[in-house]
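Observations on the model geometry
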Amino acid sequence: MTTNTLKTTLTLGGDLEVNRVGFGAMRITGPAIWGMPDNPQNSIDLLRRAVELGVTFIDTADMYGPFTSEQLIADALHPYADRLVVGTKGGLVRFGPWADFNNDATPQHLHDALNGSLQRLRLDHIDLYQLHRIDPNVPAERSFGFLKQAQQDGKIRHLGLSEVSVDEIQKAQEFFTVASVQNRYSVYNREWESVLDYCQQQGIVFIPWFPIGGGMDAKNDAIMQRVADAHGVTTHQIALSWLLHRADNILLIPGTSSIDHLEENMQVGRIALSDDDMATLNSIAG
């Protein structure tokens, strides 16, 4: 039985080395539909603890809150540590509850969104700026052209995409180097397997969102529990560890509003899954 050795870091965009267990800052806005969470200090403490535990990549977006996730990150961490990379996203406009949003990847909106993120994060450039969604109502060339120009203007260091197909990545590559792709992916949901494989071939960092997955049935639940019990950890930790073992270009961004849960997530890089473990987990229908 072979036990796999994990890479603990990866390089984003060819020049930014980050730890492979990062932090997703969507949930620091709390349950509030709009505005600041009920207890902003809890979010600030959580972000500071994440950095203390070794997080060097934080993922956010202007629609988280909206706007408050970026503001809290700056309140907690600015001036930023030298190795800390904060990535954000633009291209969605949120009006209220989480599901109430629209695409807007027009150059004018992206201009306003990017400048707003720069202001809230207190940065002169964004290390990783991702197009949150390709807008079906806007020719992709217009969105990509704006992002290319913003990068040339020095406002963006590296560019990424979210929820895209291989064809869409290839189209974007005609305009700029795609540093990252952020698609939904987990041991339970492998719709974007072909995108992950393409990213690995191209040296593109793959950032799975909703990495814990969901929609488990009794059979899959039992499989996960069996592997978790063998390692003395939780099924959530196994789900995250599977991703780290699945491909060495995967960068995790598990999110939480709990420091205890954060500390649990930060342990997943120490779990060594064997080939037999991986075969067992791969049997889960994705």
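Above this text you will find the structure in question.
Mapped onto the fold, Y185 is located in the loop between β10 (178-182) and α6 (193-202). With sequence-adjacent residues up to four places away left out, Y185 is seen in contact with R190, W192, E193, L196, F206, P208, W209, F210, P211, W242, L243 and R246.

On to α6, then. Side chains three or four residues apart in an α-helix point the same way, a direct result of the helix having 3.6 residues per turn. Those residues of α6 lying buried are V195, L196, Y198 and C199. The buried residues of α6 occupy one face: seen down the axis, they fall within an arc of 165°. The inward-facing, buried residues of α6 abut α5 (166-172), β10, β11 (205-206) and α8 (235-246). Note on α6: the residue one or two positions beyond its end, G203, has a positive phi of about 75°.

All chains considered together, the criterion is met by four aromatic pairs. Between F144 and F175, the aromatic rings sit 5.8 Å apart at their centres with planes inclined by 55°, giving tilted as the arrangement. Residue F144 is found in helix α4 (residues 140-152), and its partner F175 is found in the loop between α5 and β10; the two are separated by 31 residues along the sequence. Of the residues examined, F144 reaches a relative accessible area of 1% and is grouped as buried. Taking the relative accessible area as the measure of exposure, F175 reaches 23% and is therefore partly exposed.

Reading the values: the criteria
- Residues numbered from 1 in each chain as written.
- Predicted model: local features only at pLDDT ≥ 70, side-chain atom pairs only at ≥ 80, totals over all residues.
- Heavy atoms only, no water.
- Helix = DSSP H or I, 4+ residues; strand = E, 2+ residues; numbered from the N terminus.
- Contact = heavy atoms within 4.5 Å.
- Buried < 20%, exposed > 50% of the residue type's maximum accessible area, 1.4 Å probe, protein only.
- Arc of directions from axis to C-beta.
- Phe/Tyr/Trp six-rings, centres within 6.5 Å; stacked < 30°, edge-to-face > 60°.

These results come straight from atomic positions and should not be treated as a statement about function.
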